[in-house]
Amino acid sequence: MEYNLADLFESVADVVPGREALVYVDHPGTGAERRLTYGEFDAAANRLAHHLTAAGLKPGEHVGLHLYNGVEYLQTAYACLKARLVPVNVNYRYVADELVYLYRDADLAALVFDGEFTDRVAAALPQTERLRHLIRVGTTPPDATEPALAPVAFADAEASGSPERDFGPRSADDQFVIYTGGTTGMPKGVMWRQEDLFFSGMGGGAPTGEPVKRPEELAERVAAGGDGLVFFPTPPLMHGTSTLTAFIAFHFGQKVVVHRKFAPHEVLRTIERERVTSVSLVGDAMLRPLADALAGPLRGTDCSSLFTLSSSGAIMSETVRDQFQALVPGVLILNNFGSSESGFNGTATADSGPDRGFRIEVGANIAVVDLATLEPVAPGEPGRIALRGHVPLGYYNDPAASAETFFERNGERWVLLGDMATVDADGVVTVLGRGSQCINTGGEKVYPEEVEEALKAHPDVYDALVAGVPDERWGNHVAAVVQPREGAGPLTLESVQAHCRARLAGYKIPRSLVLTDRIQRSPSGKADYRWARAVAVREAEAAG
């Protein structure tokens, strides 16, 4: 047995086949749900895997998952792994032109998609040469244009396959591709060996403990332990963090709960009903509506089962964390740090906040390096975060970007992340922010995340993004795009500046303010900085 994700899951399913593995709420609030044990889920994935191979798909070919959250998403992912196919996440917000790019860039041979996206699939299909097999989940809108290639209904695909495990041997070198969100550029497919992803993205079977030393040890730990943990990844599974969270839960032999879409009130009701112990989300965009609902219309909802609430991909601000902590005193709230290119890299220290920044304690496999020399920087000097060890193979179909991001030093392979940081004498890393979003104003560098943290501490600010706007004097100035709280008093540039002045150096204070009804983010809550900059620049041009 190797560190292959399908082998590892099957080893767990064999020791706890009757244990509940997955609870899926189809439409929050309707009561429609599905529950599958480990044995049932394993057999369902086997069925779909056999259908895919019967359709002519060969090991190493890519299968797109263009789906909302559901049983079908995780079932398809494991079906691919069982058949040695490569699952590829597809952003369901993409329109036809963006889908053409991703379908082609990823060389998709098959696609599993929600019926709601039929029109977009039909529009993109003629421009994709390799895509030859379609499976549709659910119903099709009555006015939708059917794809030229007739889709197979998911239920029929599943029913046509055998539930038996008669697959050939698999390898730790089998691949798993995670496409980035594309919020700062065109999405790129990060190619992972499954063994590397198991250790870097899933903690080696124990994200907060000692990783397993043998593949067989994973199932041995599950057999020796109990159940009772319930993991609830609330962001879309199309983002790597949620899928990896579900895989981590399966490696523990525990239960996973998923909703089709994020609905704050239903999330809280599900936490109470399923006695959820661990919730994962992305930043204030998800935590704030949960806190507001718990303080308002859902006051009294029992969330006492919660042990941890974690965010990855966006930082939860101190203000919102404190609000939720007051409502659920027993929960441990964690700001995690990681990426599609590096997996999980650490958790913010207890003293992280507006005064000291986003600080993480890291191991010897992480360094802050000079971008020119790729050598470690001196304490206090800014550089880029780099990770060695279990790192991806590179970007699919993009050797130029791979050469810029992945490098070798002293015989070890490293990945260079987009995050700027400093490191202190004790080895604690302070993350400054994404280098691509850094604002150069009068020669000073301003990282949007730091200003956003200060803005969100304002009692009348619901959400905020920060971007640089061209400025004749300073090159760029800091602009704040702010969504006020409902019912809040009037927000002015002067009041926002006065609030920030107590928390930030003068050059970091916003010089312009744009008020908006809604901050645009990805479905997972990640910031859309291209949108924020466009809004801020448009407002500046209108003001002359």
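Residues numbered from 1 in each chain as written. Predicted model: local features only at pLDDT ≥ 70, side-chain atom pairs only at ≥ 80, totals over all residues. Heavy atoms only, no water.

Visitor: How would you summarise the pairing of strand E15 (residues 343-347) if you had to cite specific residues and measurements?
Guide: Look at any regular strand and the pattern is simple: side chains alternate between the two faces of the sheet. As paired elements, strand E14 (residues 332-339) and E15 share four bridges and run antiparallel to each other. Within E15, the residue paired with Gly338 across the bridge is Phe344. Hairpin connection between E14 and E15: a loop of three residues separates the two successive antiparallel strands. (Pairing = 2+ DSSP bridges. Helix = DSSP H or I, 4+ residues; strand = E, 2+ residues; numbered from the N terminus.)

Visitor: Any chance you could break down the packing of aromatic side chains for me, citing the residues and the numbers?
Guide: In the structure shown here, the tally under the stated rule is 20 aromatic pairs. Taking the centre distance of 5.7 Å and the plane angle of 90° together, the rings of Phe9 and Phe41 count as edge-to-face. With a gap of 32 residues between them, Phe9 in helix H1 (residues 5-15) and Phe41 in helix H2 (residues 38-54) connect regions that are remote in the sequence. We classify Phe9 as buried; its relative accessible area is 1%. Taking the relative accessible area as the measure of exposure, Phe41 reaches 0% and is therefore buried. Through successive ring pairs, a cluster of aromatic residues spans Phe9, Tyr38, Phe41, Tyr78, Phe176, Phe247 and Phe250. Lying across the ring of Tyr462, Arg288 places its NZ or CZ 5.3 Å from the centre. (Phe/Tyr/Trp six-rings, centres within 6.5 Å; stacked < 30°, edge-to-face > 60°. Buried < 20%, exposed > 50% of the residue type's maximum accessible area, 1.4 Å probe, protein only. Lys NZ or Arg CZ within 6 Å of the ring centre and 35° of its normal.)

Visitor: Outline the environment of Asn336, listing residues and values.
Guide: Residue placement: Asn336 occurs in strand E14. Judged by relative accessible area, Asn336 falls into the buried class, the value being 17%. Engagement of the side chain of Asn336 in a polar contact is seen with the side chain of Thr347, the distance being 2.7 Å. (Polar contact = N/O pair within 3.5 Å; in protein donor to acceptor, adjacent residues only side chain to side chain.)

Visitor: Any details on the pattern of salt bridges? Residues and values, ideally.
Guide: Where charged atoms of side chains with opposite charge meet at close range, the side chains can pair. Under the definition given, this model contains 36 salt bridges. Taking the shortest distance from any N to any O, the salt bridge between Lys82 and Asp42 comes out at 2.6 Å. Placement of the pair is Lys82 in helix H3 (residues 71-82) and Asp42 in helix H2, with a sequence separation of 40 residues. The network of salt bridges with shared partners includes Asp7, Glu10, Asp14, Asp42, Lys82, Arg165 and Arg170. (Salt bridge = Lys/Arg side-chain N within 4 Å of Asp/Glu carboxyl O.)

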